[in-house]
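Chain by chain, the residues:
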Amino acid sequence: MTTAARSDTTGNGGGSPILLRLSTRPEPYPPFVRDRLEADAQEIIARYPHPRSALLPLLHLVQSEEGFVSGTGIDFCAEQLGLTGAEVTAVATFYSMFRRAPTGDYHVGVCTNTLCAVMGGDAILRALEQYLGIHHGETTADGAITLEHIECNAACDYAPVVMVNWEFFDNQTPDSVRALVDALRAGQRVTPTRGAPLCTFRETARILAGFPDPRPGALDGAPGPATLAGLEVAKELDMRAPQPDSEGL
């Protein structure tokens, strides 16, 4: 912490100094945490020809430690890659997957982009806010759920879509999402529409950092019938993409 002193001119302090906070440096990780993270960071950095290319997975790594990208995490990434804190912060604040505030065990994101909204996404978000007693960006008192409205999940054919720790829950309704958050808060095993059973937000961040995903069914998120409908119609009608003309256009 950086402080400056000024004299008390109110007459109440007899000229005693008052400390004013000008800036605060983040507290470093405890040594045992830093040693573990440094070993993981070096494994990540070794995958890239240029160290700074490892910044995105390193941000996921520090997010897996605290549940968000803290000032301590930014400093750690900067030191590992020879970057400035400003350079790391610019990236961390650009991508919405990096949280800048503590996040619950389950980050529940409700898509409110156009198609999901008109199919019920706005109603789902309102229902969850009322049911959980929190608003967008807030976390329940038990630390289980962080609620947020998010941008398009690239799953419009299953609108309205809710994502929990970036896993898909398709064709949702207010009733289904209330049951979903009840199950999460009760510690039940919850499996998304596609993919493996959910893990916590911090565990998800470690997977996104590039470490093995131990969950059974982690690779089972194949596209469903709604996604493949156009392809099936094309096959039935023997439709094919136009061939390039003689001039290669």
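Residues numbered from 1 in each chain as written. Predicted model: local features only at pLDDT ≥ 70, side-chain atom pairs only at ≥ 80, totals over all residues. Heavy atoms only, no water.

A. Fine view of a nonpolar patch on the surface. On the surface, Leu56, Phe94 and Tyr95 cluster together into a nonpolar patch covering about 330 Å² of accessible area. Structurally, Phe94 is set in helix α4 (residues 85-94). Note on Phe94: relative accessible area 64%, which makes it exposed. (Patch = residues over 30% accessible without salt bridge, like charges linked within 9 Å, V, L, I, M, F, W, Y side chains within 5 Å. Areas by Shrake-Rupley, 256 points an atom, 1.4 Å probe, with all protein chains shown as cover. Salt bridge = Lys/Arg side-chain N within 4 Å of Asp/Glu carboxyl O. Helix = DSSP H or I, 4+ residues; strand = E, 2+ residues; numbered from the N terminus. Buried < 20%, exposed > 50% of the residue type's maximum accessible area, 1.4 Å probe, protein only.)

B. Molecular detail of the environment of Ala41. With respect to the helices and strands, the residue Ala41 is situated in helix α1 (residues 31-45). In this structure Ala41 comes out as buried when scored by relative accessible area, which is 0%. Between the alpha carbons of Ala41 and Leu81 there is a distance of 9.5 Å; along the sequence they are 40 residues apart. The contacts of Ala41, once residues within four sequence positions are left out, are Leu58, Leu61, Phe76 and Gln80. (Contact = heavy atoms within 4.5 Å.)

C. Summary view of the nonpolar core. Grouped together as the largest cluster of nonpolar side chains are 24 residues, with contacts concentrated most on Leu58, Leu59, Leu61 and Val88. The set of elements that each furnish at least two residues to this core consists of α1, α2 (55-66), α3 (71-81) and α4. Those residues in contact with Leu58 that sit more than four places away from it in its chain are Ala41, Ile44, Ile45, Cys77, Gln80 and Leu81. Counting residues in hydrophobic clusters, the runner-up holds 21 residues, among them Tyr106, Leu125, Ile134 and Val164. (Core = buried A, V, L, I, M, F, W, Y, C linked by side-chain atoms within 4.5 Å.)

D. Structural context of the packing of aromatic side chains. All chains considered together, the criterion is met by three aromatic pairs. With centroids separated by 6.4 Å and ring planes inclined at 90°, the aromatic side chains of Tyr95 and Phe98 adopt a geometry described as edge-to-face. Taken together, the ring pairs in this structure connect Phe94, Tyr95 and Phe98 into an aromatic cluster. Stacked on the ring of Phe211, the Lys or Arg Arg47 has its end atom at 5.4 Å from the ring centre. Sitting over the face of the ring of Phe211, Arg206 holds its NZ or CZ atom 4.0 Å from the ring centroid. (Phe/Tyr/Trp six-rings, centres within 6.5 Å; stacked < 30°, edge-to-face > 60°. Lys NZ or Arg CZ within 6 Å of the ring centre and 35° of its normal.)

E. Examining the confidence of the model for the protein chain more closely. Summing up the model confidence of the protein chain, the mean pLDDT is 89 and the portion of residues at 70 or higher is 88%. Within the protein chain, strand β1 (residues 2-7) has the poorest average pLDDT of any element, 48, and α2 the best, 98. Predicted confidence for residues 1-5 stays below pLDDT 50, and this span has 18 contacts to residues more than four positions away or in other chains. In this model, residues 7-11 is a region of pLDDT below 50 whose contacts with residues beyond four sequence positions or in other chains number six contacts. (pLDDT = per-residue confidence, 0-100.)

F. Up close: the packing of α2 against α3. Running from N to C, α2 and α3 cross one another at 145°; their axes reach a closest spacing of 10 Å. Crossing angle aside, the handedness with which α2 passes α3 is right-handed. For the pair α2 and α3, contact is made by Leu55, Leu58, Leu59, Val62 and Glu66 and by Thr72, Gly73, Phe76, Cys77, Gln80 and Leu81, respectively. Taken together, the residues of the contact of α2 with α3 sort by class into seven nonpolar, three polar and one charged. (Axes fitted to C-alpha atoms, helices over the stretch in contact; angles between N-to-C directions. Left-handed = near helix turned anticlockwise from the far one by under 90°. Nonpolar A, V, L, I, M, F, W, Y, C, P; charged D, E, K, R; others polar.)

G. Structural detail: the pairing of strand β3 (residues 106-111). Taken across its six residues, β3 has six buried, putting it largely inside the fold. Here β3 shows a buried face lined by Tyr106, Val108 and Val110 and a second buried face lined by His107, Gly109 and Cys111. Pairing geometry for β3 and strand β4 (residues 145-150), over six bridges, is parallel. The partner of Tyr106 across the bridge, within β4, is Ile145. Note on the crossover from β3 through helix α5 (residues 114-132) to β4: the handedness is right-handed. As paired strands, β3 and strand β5 (residues 162-164) are joined by three bridges and run antiparallel to one another. Paired with Gly109 across the two strands is Met163, which belongs to β5. (Pairing = 2+ DSSP bridges. Right-handed = clockwise from strand over helix to strand, strands pointing away.)

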